[in-house]
Amino acid sequence: MLPWWQAGLQTHGPIFQGRQIAPRSRREQGLPRAGLPLTGFGRQWVGAGCGHGAGWPAKLPPPLAKAAVAGELEDEAVHLVAVVPLSPWRHPKQREPSMMQLFLLLLLFLLPGMEESSRQEEDFRFCGERNQTENSSVIYEHSPADISIENTAQALIIKGPFLPNQRNSYYKYSLPLTLGRYRFCVYWFKPNRTLKLAYGKQNFLLGKDLSDNIIWGKENQKTEKNSSFIFSASYIFKGQKNTSLDSASHYFFPVPPENMPVWEQDVEKELTDLDSLMGQPPVAAAGVPAHRTLRNKLQEFEKKLAKVEFEGQNRTFGQAAMHATVLKIELGRAPQDVAFASRREEGREVHGFAVDLPRSLFMKVKGREEMVEHRVLLLDINSQTMFQDENSSRVLGDKVVGISLVNTVVANLSDPVVLTFFHNQLPRNVTPLCVFWQEDTTTYFGNWNSYGCTTVKRDNQTDCRCNHLTYFAVLMVSSPEIAYIHRDYLSIITYIGCLISALASVCTIFFLYFRSKQRDQITSMHIHMNLLGAIFLLDINFLISEHLASSSSEATCRAGGLFLHFSLLSCLTWMGIEGYNLYRLVIEVFNAYHNHFLLKLCLVGWGLPFFCVTLIFFANWTNYGPFSIPVYESIGGKSTNATICWITSPLIHNIVNLGFFSLVFLFNSVMLGAMVREILRQNKKGHKLKHVLALFGLCVLLGIPWALVFFSFTSGVFRLVSLYIFTIINSLQGFLIFLWYWTMVLQAKKSPDSQNSSDSMKLQPNSSQTHPD
């Protein structure tokens, strides 16, 4: 490493020649001096104990000689004497250098480079020489947009766009009392927002409240300005070349826009814009989903938040759906645990949260000389709009909490970060799972993952213990008491049952169509055919629903959800019509004539569902679309969702589907009770099997097994058993009607007498009297 004065030193002639070279000295780096003493003989100085011993004289310029006598000459001169052969003259008693001396000389070359590489690189550096002719000081002030260095006889004035800890103030530091020429350098470290001054042997962290500085109000600042030149000036920005400057008393250096500090009002404005975007309907831009665009804006906001300048140890921004808090953690010899609690939010599902940061978190970057503080960013987001995965997973209270340490990647902590969510009592069939957001660089979606996090569930709070920092939330996992193996079994049963049911429904429809030529059974036959047609549509739409949900077209998925809902309502409506037909056969003594009776039944059976789904769609077309059922997979600790095209609003599902089915179920239960009473009245010996088969068929026709859906709100083994029964019976509904019908037909053909045959046919809901269309 070349010393800071001219590398081409000669035994005669001026020493300052050519372009200035300004690498840093050992003293500027805060390192110990090399320890090579200088011995003076008049105006010649010899490096004793270095290189060829004390036999290399060299002339030093008067300023350097004076500085050496004053004790302010730094060790670069020693380097120079050791490196450059100044004269072929040699002392008569000079011995040849030994191997040890050569080794020490080589080590002397390597040390400066090693020291330079171990030092953190600055983002800006200005160096120069100042001739101190009287007692003076360093004054540090705030400047709006540039870095400036001004020299006067009374003070070295440094200004930068880095706000001091106290607004409307400046810092004043005392300089050494010894007069003479001093080498100084100003360093700026962008990640730590630190401005450092190295002046001779002293170092100052500008803008910090040290014991030897004095802070004055700007109105009291009265510094006489007798301008004085700065010599041998040079500057360099990170990634650029070192540039020499002519001597002057004042220098200005514009700060690039990306390096400008951020003020509180900038953060408030950015937060307000994000808040309004989260409250608007999601709109995709240039093919990029709205949630991905919002996450990109959130990342830009984090960069600004990391640089915001404010007074005090912490500051919270925002008022509505998003809050941001910055914590300043001063570096100390013994790092401490840090705790933070958010404000209580009444009326929300999640009342608030608390964060406990372990001391080991702040020891990961310990040892950086220029690091004067840590910054912890806490983002409290009350909207899940930015964090949508492919499964549309739902998190507790739409609360997402982001925790990060500025300019530090935190992972695999020995002591976990504890994040506590305070919330209302959770439903029995829901279990909280602590997850973090994992960005997917290959798609526009990310995903929720629980790796590295442990969940501790309590009555009204959930503790998340994680070994890293990122965005956290509590995922609402339904049916955790059912193992994933049972969910696989239920899915297989559903798909196979629906496929068999659809095929059996088609076969039964064709058979009933040809049987309906018999005029004595035409009305009941057509009712059965319409019910089987609705079951066929329900099975087919359900089988393709999941595939439609995996497609990229939202319009296709909405259409699939609408048709699936129409099929379900049609199926329920025709079940109710079957109950009404049973009422006519059993309760009415005389069957009255109805003009266009079958046409009216079809208008109700298909028209009512069509009217309902049309009304729901035009009320809000987003009521239909991808609907996800959160499922927790114990393998890998990940949460996955089963997504189908369905109703996206739980309120509509509860009111329309469950409400309508409840009415149909109550009506058909009454009709089934009347049928049981009729069977008991006609009970004769030898007819019990026929009666049992008739009741079973009626239960399937009337949709009585669908009532098992109400048991899905329970928990434990009973819930598991009810789900299996519900899945088996209802997925095979079309097939069971097929078996029941053929069994009753065969029983009727084998009847030994006409009386038994007439009794058997009367119990069948398809044996009604003629009602002309």
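Residues numbered from 1 in each chain as written. Predicted model: local features only at pLDDT ≥ 70, side-chain atom pairs only at ≥ 80, totals over all residues. Heavy atoms only, no water.

Here's the deal with the sheet that holds strand β4 (residues 124-132)
- The six strands are arranged β11-β10-β9-β4-β13-β14 in an open sheet whose pairing can be described as antiparallel. Two strands bound the open sheet, and with one partner strand each, they are β11 (202-206) and β14 (243-245). Taking each pair of neighbouring strands and ignoring which way they run, the sheet shows an average axis angle of 20°. (Pairing = 2+ DSSP bridges. Helix = DSSP H or I, 4+ residues; strand = E, 2+ residues; numbered from the N terminus. Axes fitted to C-alpha atoms, helices over the stretch in contact; angles between N-to-C directions.)

Here we look at the confidence of the model for the chain
- Averaged over all residues, the pLDDT of the chain is 75; the fraction at 70 or higher stands at 67%.
- In the model, residues 1-93 has pLDDT below 50 throughout and makes 163 contacts with residues more than four positions away in sequence or in other chains.
- The low-confidence segment residues 634-638 (pLDDT under 50) makes nine contacts with residues lying over four places distant or belonging to another chain. (pLDDT = per-residue confidence, 0-100. Contact = heavy atoms within 4.5 Å.)

Focus on the pairing of strand β18 (residues 338-341)
- Alternating residues of β18 divide into Val338 and Phe340, all buried, and Ala339 and Ala341, none buried.
- Summarising the sheet, β18 and strand β19 (residues 350-357) pair through four bridges and their orientation is antiparallel. Bridge pairing in β19 places valine 338 opposite leucine 357. (Buried < 20%, exposed > 50% of the residue type's maximum accessible area, 1.4 Å probe, protein only.)

Some words on helix α9 (residues 597-619)
- Look at α9: 33 Å from first C-alpha to last across 23 residues, which is about the 33 Å you get at 1.5 Å a residue.
- For α9, the set of buried residues is Phe597, Leu598, Leu601, Gly605, Pro609, Val613 and Ile616. (Expected span 1.5 Å × (residues − 1).)

Some thoughts on the packing of helix α4 (residues 264-279) against helix α5 (residues 290-307)
- Interaxial distance between α4 and α5 falls to 10 Å at its minimum, and their mutual angle equals 165°. On the basis of the axis angle, α4 is roughly antiparallel to α5. Considering the relative orientation of α4 and α5, their crossing is left-handed. Between α4 and α5, the contacting residues are Val267, Glu270, Leu271, Leu274, Leu277 and Met278 on the first element and Leu294, Lys297, Leu298, Phe301, Lys304 and Leu305 on the second. (Parallel < 35°, antiparallel > 145°, perpendicular 65-115°, else oblique. Left-handed = near helix turned anticlockwise from the far one by under 90°.)

A word on helix α7 (residues 522-549)
- Between its first and last C-alpha, α7 extends 40 Å over 28 residues, near the 40 Å set by a 1.5 Å rise per residue.
- Approximately 30° is the largest bend angle found in α7, and it occurs at leucine 543. (Bend = angle between axes of the 7 residues up to and from the residue.)

Brief notes about the state of the cysteines
- What the rule picks out here adds up to four disulfides.
- A sulfur-sulfur distance of 2.1 Å marks the disulfide that ties cysteine 453 to cysteine 466. When the S-S torsion is 115°, as for the bridge of cysteine 453 with cysteine 466, the disulfide is right-handed. With cysteine 453 in strand β25 (residues 453-457) and cysteine 466 in strand β26 (residues 461-466), this pair connects stretches of sequence that are 13 residues apart.
- Taking the relative accessible area as the measure of exposure, cysteine 453 reaches 13% and is therefore buried.
- Since its relative accessible area comes to 2%, cysteine 466 is described here as buried.
- Here the disulfide map of the chain reads 1-2, 3-5, 4-6, 7-8, the bonded cysteines being numbered as they appear in the sequence. (Disulfide = S-S within 2.5 Å.)

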